[in-house]
Structures are given as C-alpha cells and as structure tokens.
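# Fold and geometry: a report
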Amino acid sequence: METIISDNAPAAIGPYSQAITHNGLVFTSGQIPLCPKSGEVVGGDVTEQARQVIDNLEAVLAAAGAGLDTVLKTTCFLADMADFAAFNAVYADRFVGKPARSCVAVKQLPRGVLVEIEAVAAIR
C-alpha cells in the first residue's frame, strides 16, 4: 500500500489521505470543490463545483499513475437531487468512459458544498 499526495489537489481536511494504492488500484477519498492553493470553496453552483471536484480528482489520480480514463467506479454525493441533471452534464463531459457509478443525495457535505466525488481506478 502507498499513500498518495498531490500538491495539485487540496490537502485533506481531516485525518485521511487523498488516496491509497493497492494491488494496481487507486482508492481516492472524496474530493470537494476546494481550490488546491487557497483551500477555499470554488464555485457558486453545482456546475462550477462539479468541474472543480473533477479537476481535483484528476490531480489525485495522476499522482497515483491513473486518470479519469482508468476510473472503474465513482460514488457521487449531491446536496440536492434537483442538481442531478446539471451535475450529469459536467460528469458526462469528463468521464467519457462511463465508469460504474452510484449517485446519492445527502443531508449535508463538508463546508456546505454541493457535490463530492470519490473513485476507484486502475493504475496504468
């Protein structure tokens, strides 16, 4: 097992790592729409926030030797299922390989954000 750290993604805001690799797979922690440099929330709507989340996720995956194109499964959390269509538009644009996915609405996300995504990907 190896702990993955990327300076191009926000630092963990709790007692966890950005990702862990094991047996050719990378397991990411959930990414939220934080600016990697400032740690501040980016975006005022789900579209902007989803773009930042996927950028952060892509940075963590790259540090592990993976990419959005090697993602096998995502778990997506939305603060409001009314944002499902707008979120899907961003998601479909970036996850062109259509990995397996779960998407659920939750009562609240850290820092009051609208979206969080975690992933399992194959390492190249």
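Summary of the structure given here. (Residues numbered from 1 in each chain as written. Predicted model: local features only at pLDDT ≥ 70, side-chain atom pairs only at ≥ 80, totals over all residues. Heavy atoms only, no water.)

## Things to note about the environment of Leu114
The criterion, for reference: Runs of H or I in DSSP of at least four residues are treated as helices and runs of E of at least two as strands, each being numbered from the N terminus. A 1.4 Å probe rolled over the protein chains alone gives each residue an accessible area, and that area as a share of the maximum for its type sets the label: buried under 20%, exposed over 50%, partly exposed in between. Only heavy atoms enter the contact rule, under which two residues are in contact if any of them lie within 4.5 Å.
Mapped onto the fold, Leu114 is located in the loop between strand 5 (100-105) and strand 6 (115-122). The exposure class assigned to Leu114 is partly exposed, which follows from its relative accessible area of 22%. For the pair Leu114 and Val46, spaced 68 residues apart in sequence, the C-alpha separation works out to 5.9 Å. Contact partners of Leu114, with chain neighbours within four places excluded, come to Gly44, Asp45, Val46, Gln49, Phe77, Leu78, Ala79 and Leu109.

## Examining helix 2 (residues 84-94)
Where we set the bar: Of all possible arcs, the one meant is that of the directions from the helix axis to the C-beta atoms.
Where helix 2 is concerned, the buried positions are Phe87, Val90 and Tyr91. Seen along its axis, helix 2 keeps its buried residues to an arc of 100 degrees; they face one direction. For helix 2, the exposed residues set more than 90 degrees away from the buried face come down to Ala85, Ala89 and Asp93. Packed against the buried residues of helix 2 are helix 1 (46-63), strand 4 (71-78), strand 5 and strand 6.

## Quick look at the pattern of salt bridges
Operational definition: Here, a salt bridge means any side-chain nitrogen of Lys or Arg that lies within 4 Å of a carboxyl oxygen of Asp or Glu.
Summed over all chains, the structure comprises 3 salt bridges. Note that Asp55 and Arg94 form a salt bridge whose closest N and O atoms lie 2.9 Å from each other. One end of the pair, Asp55, is in helix 1; the other, Arg94, is in helix 2, and 39 residues separate them in sequence. The partner of Arg94 in a salt bridge is Glu58, with the nearest N and O atoms 2.7 Å apart. One end of the pair, Arg94, is in helix 2; the other, Glu58, is in helix 1, with 36 residues separating them in the sequence. Relative accessible area serves as the criterion here: at 23%, Arg94 is assigned to the partly exposed category. Three or more residues joined by partner-sharing salt bridges are found here, namely Asp55, Glu58 and Arg94.

## Observations regarding the nonpolar core
It is characteristic of soluble globular proteins that their nonpolar side chains tend to be buried jointly. What counts, and what does not: We call a set of buried residues a nonpolar core when its members are Ala, Val, Leu, Ile, Met, Phe, Trp, Tyr or Cys and they connect through side-chain atoms within 4.5 Å of each other.
Within the largest apolar cluster, 27 residues are counted, with the highest numbers of intra-cluster contacts made by Val26, Leu61, Phe87, Phe95, Val115 and Ile117. Listed by contribution, the elements that provide at least two residues to this core are helix 1, strand 4, helix 2 and strand 6. Broken down by element, the residue count for this core peaks at 8 residues, all from helix 1. Residues contacting Leu61, with those up to four places away along its chain left out, are Val26, Thr28, Ala66, Gly67, Leu68, Val71 and Ala121.

## Observations regarding the sheet that holds strand 5
So the rule is basically this: A pair of strands counts as paired when DSSP detects no fewer than two bridges linking them. Here an axis means a line fitted to C-alpha atoms, over the contact stretch when the element is a helix, while the angle between two N-to-C directions is reported on a 0 to 180 degree scale.
Read from one edge of the open sheet, 6 strands run 1-2-3-6-4-5, paired in mixed fashion. The sheet is open, and its two edges are formed by strand 1 (2-4) and strand 5, each paired on a single side. Across the sheet, the mean angle separating the axes of adjacent strands is 15 degrees when strand polarity is ignored. The sheet strands contacting helix 1 are strand 1, strand 2 (19-22), strand 3 (25-28), strand 4 and strand 6, and the helix crosses strand 6 at an angle near 30 degrees. The sheet strands contacting helix 2 are strand 4, strand 5 and strand 6, and the helix crosses strand 5 at an angle near 150 degrees.

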